[in-house]
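# Understanding the architecture of this molecule
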Amino acid sequence: MFTVQSLHVAMEIWGAIFCALAAFCIFYNTGMKPHMRRLLMDMEMASAVLMSMDAMAWGFRGYPGETGYIMVRISNFMVFLISDIILLLVHTYVCMNIYGNDNENENLEFYTDTKENKTGFNYFTRKDLPKRVKIVYICGMIGILLVIITQFTGFYYYFDADNFYHRARYHFICLLIGLIAMLIDTSLLIQNRKKIKNQIFISIMSYLVLPIIASAIQLFIYGVSLINISITISMICMFVVAIVEQGKELTNARVDMMLSQIQPHFIYNTLTSIKYLCRHDQQEAVDTINEFSLYLRGNINSLTECDTIYFSKELDHVRHYVAIEEKRFGDRMNVEYDIQETDFKVPPLTLQPLVENAVKHGICKRDDGGNVVISTAKDLGGYRITIKDDGVGFDVNRFRAVDRDGTKHVGLINVKKRIEQRCGGTLEVKSAVGEGTTINIHIPG
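What counts and how
- Residues numbered from 1 in each chain as written.
- Predicted model: local features only at pLDDT ≥ 70, side-chain atom pairs only at ≥ 80, totals over all residues.
- Heavy atoms only, no water.
- 1 Å grid on protein atoms, 1.4 Å probe; cavity = no way out; pocket = protein on both sides within 12 Å on 5 of 7 lines; lining within 4 Å.
- Points joined across faces, edges and corners; volume = space filled by probe spheres on them.
- Helix = DSSP H or I, 4+ residues; strand = E, 2+ residues; numbered from the N terminus.
- Nonpolar A, V, L, I, M, F, W, Y, C, P; charged D, E, K, R; others polar.
- Expected span 1.5 Å × (residues − 1).
- Buried < 20%, exposed > 50% of the residue type's maximum accessible area, 1.4 Å probe, protein only.
- Pairing = 2+ DSSP bridges.
- Axes fitted to C-alpha atoms, helices over the stretch in contact; angles between N-to-C directions.
- Parallel < 35°, antiparallel > 145°, perpendicular 65-115°, else oblique.
- Contact = heavy atoms within 4.5 Å.

### Describing empty space enclosed by the protein
If you walk through the whole model with that rule in mind, you get 2 cavities of 30 Å³ or more. For the largest cavity, the calculated volume is near 590 Å³. Among the secondary structure elements, those contributing two or more residues to the lining of the largest cavity are α2 (34-59), α3 (65-99), β2 (165-167), α6 (172-191), α7 (198-218) and α8 (226-260). With 7 residues, α3 is the single largest residue contributor to the lining of the largest cavity. Looking at the lining of the largest cavity, its residues break down into 21 nonpolar, 9 polar and 4 charged.

### Re α2
Helix length check: α2 (26 residues) gives 37 Å between terminal C-alpha atoms against 38 Å at 1.5 Å per residue, within 8%. Counting buried positions over the 26 residues of α2 gives 19, a clear majority of the element.

### Focus: the sheet that holds strand β7 (residues 382-389)
Taken in spatial order, the 5 strands make up an open sheet running β4-β6-β7-β9-β8, and their pairing is mixed. On the outer flanks of this sheet lie β4 (333-339) and β8 (426-432), each paired with one strand and no other. Strand-to-strand twist in this sheet, taken as the mean axis angle between neighbours without regard to direction, amounts to 10°. Note that β8 and strand β9 (residues 436-444) share 7 bridges and pair antiparallel.

### Some thoughts on the packing of α3 against α6
Any two packed helices are characterised by the angle at which their axes cross and by the distance between the axes. Where α3 contacts α6, the axes come no closer than 11 Å and their chain directions differ by 10°. Here α3 is positioned roughly parallel relative to α6, judged by the angle of their axes. Residues F80, L87, H91, V94, I98 and Y99 of α3 form the contact with α6, whose own contacting residues are C174, G178, A181, M182, D185, L188 and L189. A per-class count over the contact of α3 with α6 returns 10 nonpolar, 2 polar and 1 charged.

### Details of the environment of I74
Looking at where I74 falls in the secondary structure, it is placed in helix α3. Sequence separation between I74 and M56 is 18 residues; the distance between their C-alpha atoms is 9.3 Å.

Structure follows, in structure tokens:
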């Protein structure tokens, strides 16, 4: 028989299925930043559990016997517990969008510790953030504690002899805790509005606005889980926006990569070298023209690659680049290869820009030149690529992803973004002035 309760349960089951599918899609979306990917996946899975447990709570409401006794208590406990967990996860998502990308948005610093700000609850311990950030975490933890206490005292709710759920005297406190946390997050979002993209801002605000409206209605109307349904709608919005924004980031990275390949200085210097060799060593000129044509072909092919490519192909491109530069710098430049693994994939133009940086801004800034060592090996859970030079080095904390002549370059930050977005890898830089630079890349495999 069709009832409002059966419609309610069906809506929640479909909501749980959709959120679980969203979490599944995020899990296999290796192009998303690892820390953001984990957090979004946790949010979607938490929402799926919330909706399934709420559907179970309504389905077993008033169910007789020991089965009903157990199921209504477990399901309602999980509903209240997961609601507070989602509160903490969304707060972390807010903090990550506001404070987690400060360095990246300002484009000022490149940290060697790639795990910094990648975990969620470290925002609770950071001293440079407003006290309101900690208050939300405290609210969430108090809420979880009160949910546990409720199982023994009936603080939020209780059940009668027929296994029917009833609100207790202090039920309003769970709504008040959520309301305080959401109002604080709203204030943080408004205060830092310029740091957040429009679509992400709207999707987060949907979580903050819809449940608040639902909470106000829920104080007077009982029978439909408006708050949980509104949370699920918000989770779906965040998932859709995250996927759309990822597509935009990949497109922008691709445009940056295309623009970076228009290098008039390198082309001019190479043609000048070829002109000189045509007069003094024609065979060398022929060899250089051949390397230059292969190099240009590699650049053009990289612009048409929509996915990752095998490292061996990227390595061939680097060898052509090195062969050309050796004609210019001669004995001042020495590149060594220690290649143990090539059977893995990387984004196009991952290795060549890093080797170029090591040559141009590392060893060739020294009067006597230097060495660059390129190595690959099996790593824990994947593969490791290392580019090491003994050049002039630099202060990592002052690094800017801008060439010394002021033009935009494919640089470390751009490569790092593409590694994270396309294959879920990481890039770590260690450098010291006068000692050289080491770049370690980890590619999952």
